[in-house]
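# Notes for the structure review
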Amino acid sequence: MGHIKEETARRRTFAIISHPDAGKTTLTEKLLLLGGAIRTAGAVKSRKSEKFATSDWMELEKQRGISVTSSVMQFTYNDFKINILDTPGHQDFSEDTYRTLMAVDSVVMIIDVAKGVEPQTIKLFKVCRDRGIPIFTFINKLDRQGKEPLELFEEIEDVLGIESFPINYPIGMGQSFRGVYDRFQKKIEWYNENKERQTLDIESIDHLSEALKGVADQSTIAQLEEELLLIEEAGNEFDIEAVKAGKQTPVFFGSAVSSFGVPSFLEHYLQMAPTPQPRESSAGVIGPDQAAFSGFVFKIQANMNPAHRDRIAFLRVCSGKFEKGMTVWLDRTGKSLKLAQPQQFFADSREMIDEAYPGDIVGLYDPGFYQIGDTVCSVKDTFNYGELPQFPPEHFAKVRAKNAMKQKHFLKGINQLAQEGAIQIYRTPYEETILGVVGQLQFDVFVYRMKAEYGVDLDMQMMPHQLAKWIVDKDAANHLQRSSNHLVVSDRDERPVIIFENEFALRWFNQKHPDVKLADSSWGLTS
Ligand code: G4P
């Protein structure tokens, strides 16, 4: 038991969220380099190119030069075991990204100093905030001219509605960027002409000017002093409890491409970020050091290796110790499974593992056993972690097989892909199938995979609808009148869902039916 406690305490599991091009791949790579998980720069980057495109449908990624899948990487740094869950880096991201956030204990948000808070970041951020996930902000590309730090804090507070607290502060920007001043450790960190990291402790801000002589120019130093005094006096107080509740974000500045500020970011992050957290279950809160092993499946990825047609179920370990070959129970079916080929993922490889602890992500070979949200436990019939929410899709299409003879394959395909979480499916009262997706790209992947994996050509009819809302009280759906403004359908678990063409149609509905409560996702609703 003591062992599990210790192993849990040294684990940190997080996802990096950002708008495409803010520097997620670069920062990930620098973190892996620090941990010695990769030896050369460019190793992660190549995932975006042909090197990693090993499967059929990754062909699609290759053709479009995008990453549609998210993966997991583990590395060690100063005795910490760090799990990074990567999220797709394309503008048109998918529900997969949202679900990945369900499996982490904290999130690192990267902001491009020139662009500030961008739309995709806002969307992902909202999911984190609703779940109270602690958020750490890394403001990147300080080697370029960008927005002033004070302006960025204001933007974080206004646009995202969360307090900010700069842990470090940039010394200059663009051409005159020299490094950062660490407000916590009262330390200047800069890189000399040989790109060696230098640090210098100072007693207080009053000594900055003296210490920075010869490092930065006079006007940079003067501006730094003035702004630091201002945030000391008028800025937020650091509050670790607020950080842990996702109400305050510690902010760091740096330049990922040149590693400026990356080591100090990682060191602070490891001290402040939460260890693997307890999780709500049907039997109350389950702590990580609970004796029984348990975890849940948050992602299923098909055809990682087309030669084997394999599917991998990604399991987040929540409690106890995972051991290779152990027998577990799948709560949904009540059946037992032997976990014979568990894998763990490193920067550019996956390897068999013998054991894993809370916070770790294990890849399980999946011949079709698992569904997204499944709970596995080493003890039979004890609890489950509840299903993962379905997130509100924003694009809808009616779909059927072009060739009616292929109906069986069609149904198999859509059910498997829905089970895998690649799409959401709804049925109209007339037994028509409607697909819902968060990003358009999911449609492309869906069409590609239905053809490549199930041999089915599709007839797809795009719908003008943009919003889905779940009806909280199931019975309320029976009393709704038909209307051209909305469509009542049911989700995979037979829960009633209304899809609307636009916000106007939703408002109209709310006015007409003030007593029908609607929810943004299926989170917490009974089926
Ligand atoms: P992403 O995964 O969030 O999409 O971003 P990625 O790391 O791929 O970075 C996007 C671009 O921004 C890359 O340039 C990368 O080199 C650059 N970048 C990342 N961090 C910094 C930084 O601190 N400063 C500056 N100036 N640039 C940075 P690219 O031209 O798209 O690719 P490449 O030719 O450099 O490979």
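Preceding this section is the structure that the text describes.
Below is a summary of the structure that appears in this document. (Residues numbered from 1 in each chain as written. Predicted model: local features only at pLDDT ≥ 70, side-chain atom pairs only at ≥ 80, totals over all residues. Heavy atoms only, no water.)

The subject of this paragraph is the overall build of the protein chain. Across its full length, the protein chain carries 13 helices and 31 strands. Expressed as a percentage of its 527 residues, the buried residues of the protein chain come to 55%. Across the protein chain, contacts joining residues at least 24 apart in sequence account for 70% of those joining residues at least 6 apart. Counting only carbon and sulfur atoms, one obtains 47% of the accessible surface of the protein chain, whose full area is about 23000 Å². (Helix = DSSP H or I, 4+ residues; strand = E, 2+ residues; numbered from the N terminus. Buried < 20%, exposed > 50% of the residue type's maximum accessible area, 1.4 Å probe, protein only. Contact = heavy atoms within 4.5 Å. Areas by Shrake-Rupley, 256 points an atom, 1.4 Å probe, with all protein chains shown as cover.)

Right, let's talk about the packing of aromatic side chains for a bit. For the coordinates displayed, the defined rule picks out 19 aromatic pairs. Between phenylalanine 298 and phenylalanine 314 the ring centres are 6.3 Å apart and the planes differ by 55 degrees, which places this aromatic pair in the tilted class. Separated by 16 residues along the polypeptide, phenylalanine 298 in strand 14 (residues 294-302) and phenylalanine 314 in strand 15 (residues 311-319) bring together distant segments of the chain. Residue phenylalanine 298 is classed as buried on the basis of its relative accessible area, which comes to 1%. On the basis of relative accessibility, which here comes to 1%, the residue phenylalanine 314 falls in the buried class. Within the aromatic cluster, the residues linked to one another by ring pairs are Phe14, Phe136, Phe138, Phe252, Phe265 and Tyr269. (Phe/Tyr/Trp six-rings, centres within 6.5 Å; stacked < 30°, edge-to-face > 60°.)

A few words on the environment of lysine 451. Structurally, lysine 451 can be placed in helix 12 (residues 441-454). In sequence terms lysine 451 and glycine 413 are 38 residues apart; their C-alpha atoms lie 9.5 Å from each other. The contacts of lysine 451, once residues within four sequence positions are left out, are Val456 and Asp457.

Throughout the structure, instances matching the rule amount to 22 salt bridges. A salt bridge links aspartate 360 to arginine 11, with the shortest nitrogen-to-oxygen separation between them at 2.8 Å. With a gap of 349 residues between them, aspartate 360 in the loop between strand 21 (355-356) and strand 22 (361-365) and arginine 11 in strand 1 (residues 11-18) connect regions that are remote in the sequence. Just as aspartate 360 is buried, arginine 11 falls in that class too. In this structure, lysine 213 and glutamate 210 form a salt bridge, with 3.6 Å as the shortest nitrogen-oxygen distance. In this structure, lysine 213 and glutamate 210 share a single accessibility class: exposed. (Salt bridge = Lys/Arg side-chain N within 4 Å of Asp/Glu carboxyl O.)

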